[in-house]
Amino acid sequence: MELQIQRAKEAFEKNGFSCTYFETAEQAVTYLAEQVRGKTVAFGGSMTLKEIGADEVLGVGAEVHWHWNGDAFCQNADVYVTSANALSEQGAVVNIDGACNRVAGQLFGAQEYFIVCGVNKLALDLHAALYRAQNIAAPKNAQRLGKKTPCAVKADKCYHCSSPERICCATVILERPPISAKRYEIILINENLGY
C-alpha cells in the first residue's frame with residue numbers, strides 16, 4: 001500500500017495538485033481546520049466528510065455551509081471541500097453526481113479546493129477509477145438515498161440504466177486543477193472512508 005500511495009502522491013503533484021498524506025482521519029481534519037480557519041467553506045455531499053466529522057471540526061473556526069445540513073449550496077465560498085468516488089494512481093479525480101452540485105462545486109467558484117479521500121478510493125489507473133466510481137460508489141449511494149434503480153435493488157454493479165431515479169447524471173474526470181484555482185489539494189488518509 002505504501003508504494004501505491006507514494007505513486008499516487010507523485011502523480012498528483014506532477015499534474016499540478018498539492019497532495020498531503022495522513023495516517024489518521026483525526027490528523028487530516030486537524031490539518032484541514034487550520035487551512036480553512038476564518039474562511040467561508042462549502043461542503044459537497046460526502047460520506048467520507050460525514051464519517052470524519054469534518055463539518056463540526058471545521059465549523060469551530062470557519063463559516064461552514066453543507067447542503068446535507070439544510071444549508072443552501074454556497075457556490076461562492078472561499079473554500080470547497082468534498083471527496084471523490086475514486087482517485088487514479090496516475091493523478092486523476094473521478095466523481096459521479098446526480099444533482100451535479102458536487103461536481104460543479106469541485107470545478108468552479110471557490111479559490112481553494114480540498115478533496116479528502118481514504119486509501120480505499122485509490123485505483124490503479126483511470127479505467128479502474130471509473131469502474132470503482134460506477135460499480136462501487138454509485139450503487140452504495142443509490143442504496144443510501146433509497147433509490148429504486150437496478151444498482152440499488154441488486155446491490156452489485158452499474159446497469160447504465162434509464163431509471164427516473166438514476167443518480168449518475170454527470171461523470172467528471174479532473175486531470176489537472178482548474179486554472180482559476182489558487183490551491184487544489186488532495187488529502188489522502190490511510191483509512192477506509194466513505195464509498
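Scroll up to find the structure this text is about.
If you're wondering where the values come from, they're calculated on a predicted model, not measured in any experiment. (Residues numbered from 1 in each chain as written. Predicted model: local features only at pLDDT ≥ 70, side-chain atom pairs only at ≥ 80, totals over all residues. Heavy atoms only, no water.)

A. Expanded view of the sheet that holds strand S7 (residues 112-118). The parallel open sheet is built from 6 strands, whose spatial order is S1-S10-S7-S4-S2-S3. In the strand order of this sheet, the two ends are held by strand S1 (18-22) and strand S3 (63-66), each with one partner. Adjacent strand axes in the sheet meet at a mean angle of 20° when their direction is disregarded. Summarising the sheet, strand S4 (residues 79-82) and S7 pair through 4 bridges and their orientation is parallel. Directly across from Tyr-80, in S7, lies its bridge partner Tyr-113. Strands S1, strand S2 (40-43), S4, S7 and strand S10 (183-189) of the sheet are contacted by helix H2 (residues 25-36), whose axis makes an angle of about 160° with S10. (Pairing = 2+ DSSP bridges. Helix = DSSP H or I, 4+ residues; strand = E, 2+ residues; numbered from the N terminus. Axes fitted to C-alpha atoms, helices over the stretch in contact; angles between N-to-C directions. Contact = heavy atoms within 4.5 Å.)

B. Quick look at empty space enclosed by the protein. Enumeration according to the criterion identifies 2 cavities of 30 Å³ or more in this entry. Here the largest cavity defines a volume of roughly 90 Å³. Gln-134, Ala-138, Thr-149, Cys-151, Cys-158, Tyr-159, His-160, Cys-161, Arg-166, Ile-167 and Cys-168 are the residues that line the largest cavity. For the lining of the largest cavity, the class distribution of residues is 7 nonpolar, 3 polar and 1 charged. (1 Å grid on protein atoms, 1.4 Å probe; cavity = no way out; pocket = protein on both sides within 12 Å on 5 of 7 lines; lining within 4 Å. Points joined across faces, edges and corners; volume = space filled by probe spheres on them. Nonpolar A, V, L, I, M, F, W, Y, C, P; charged D, E, K, R; others polar.)

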